[in-house]
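# Notes for the structure review
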Amino acid sequence: LPSAVLISLALSNVAYATDGLLNTTSTGSSVVSLTINDSVKITGLADITFDAYGADDTGGINKGDAFCVYRNGGDAYSIIASNPNGDAFELTAGEGSDIVEYTVALHESTDASGVDAATHGQPVLFSSASVKVDCDGSNNTAFDIRIAEQEIRDTTSGTYAGTLQLLLAAE
């Protein structure tokens with residue numbers, strides 16, 4: 001008996017199209033439904049190139065970029081920062097074994113330089129995205145890449161490169 005009650009309750013919430021009656025006027029109805037899936041998009045990212053670091057330079061370095069995050073409805077979202085080629089944020093010098101490790105900070109503003117670093121591969125939650133796919137030409141989120149002086153001093157001279165991947169997801 002409980003199964004029969006559940007089935008009849010489930011069916012009672014289903015709407016159906018109806019035909020009108022033959023008369024001087026006739027009214028029919030049609031059920032209209034729409035499913036909107038989560039949609040997100042990152043736009044406006046730029047490549048980051050640090051100035052050459054030499055003997056006269058001191059201290060750590062940082063550089064970032066602001067970009068646009070869209071989510072339909074402007075609702076909450078998360079970003080996972082990672083290196084798609086490894087399990088740490090690092091730059092490599094081609095075939096050499098030297099690496100330069102760095103940290104990444106993410107912030108829901110156009111400046112991430114003053115916030116704590118994110119953990120590689122872990123989501124950082126944000127409260128609201130833009131409701132405009134292109135943010136109306138502005139930016140609403142930023143990342144900041146930080147490299148400690150010791151990381152630079154401990155490596156061989158050369159050009160180091162890597163990829164920072166940002167995975168945006170609806171929350």
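Below is a short write-up of the structure. (Residues numbered from 1 in each chain as written. Predicted model: local features only at pLDDT ≥ 70, side-chain atom pairs only at ≥ 80, totals over all residues. Heavy atoms only, no water.)

### Observations concerning the sheet that holds strand β8 (residues 141-147)
Taken together, four strands build an open sheet; the order of strands is β1-β2-β8-β6 and the sheet is antiparallel. The sheet is open, and its two edges are formed by β1 (40-43) and β6 (103-107), each paired on a single side. Averaged over all pairs of adjacent strands, the angle between strand axes in this sheet comes to 25 degrees, irrespective of strand direction. The pairing of strand β2 (residues 61-71) with β8 spans seven bridges and is antiparallel. Across the sheet, D65 pairs through a bridge with F143, a residue of β8. (Pairing = 2+ DSSP bridges. Helix = DSSP H or I, 4+ residues; strand = E, 2+ residues; numbered from the N terminus. Axes fitted to C-alpha atoms, helices over the stretch in contact; angles between N-to-C directions.)

### Overview of the nonpolar core
Counting residues in each nonpolar core, the largest one holds 21 residues, and the members touching the most others are I79, V104 and L106. Contributing elements (two or more residues each) for this core: β2, β3 (77-82), β6, β8 and β9 (165-170). Apart from residues no more than four positions distant in its own chain, V104 is found in contact with A81, F89, A117, A118, F143, D144, I145 and L164. (Core = buried A, V, L, I, M, F, W, Y, C linked by side-chain atoms within 4.5 Å. Buried < 20%, exposed > 50% of the residue type's maximum accessible area, 1.4 Å probe, protein only. Contact = heavy atoms within 4.5 Å.)

### A few points about the sheet that holds β9
Spatial strand order, β7-β3-β9: three strands in an open sheet with antiparallel pairing. The open sheet has two edge strands with one neighbour each: β7 (123-126) and β9. On average, adjacent strands in this sheet sit at an angle of 25 degrees to one another, irrespective of strand direction. Direction of pairing for β3 relative to β9: antiparallel, over a ladder of six bridges. Of the residues in β9, the one forming a bridge with A81 is L166.

### So, unusual backbone geometry
A positive phi is found at C135, a non-glycine position, where the angle reads about 55 degrees. One can find C135 in the loop between β7 and β8. With a phi close to 55 degrees, D136 is a non-glycine residue in the positive phi region. With respect to the helices and strands, D136 occurs in the loop between β7 and β8. Accessibility expressed as a relative area gives 59% for D136, which makes it exposed.

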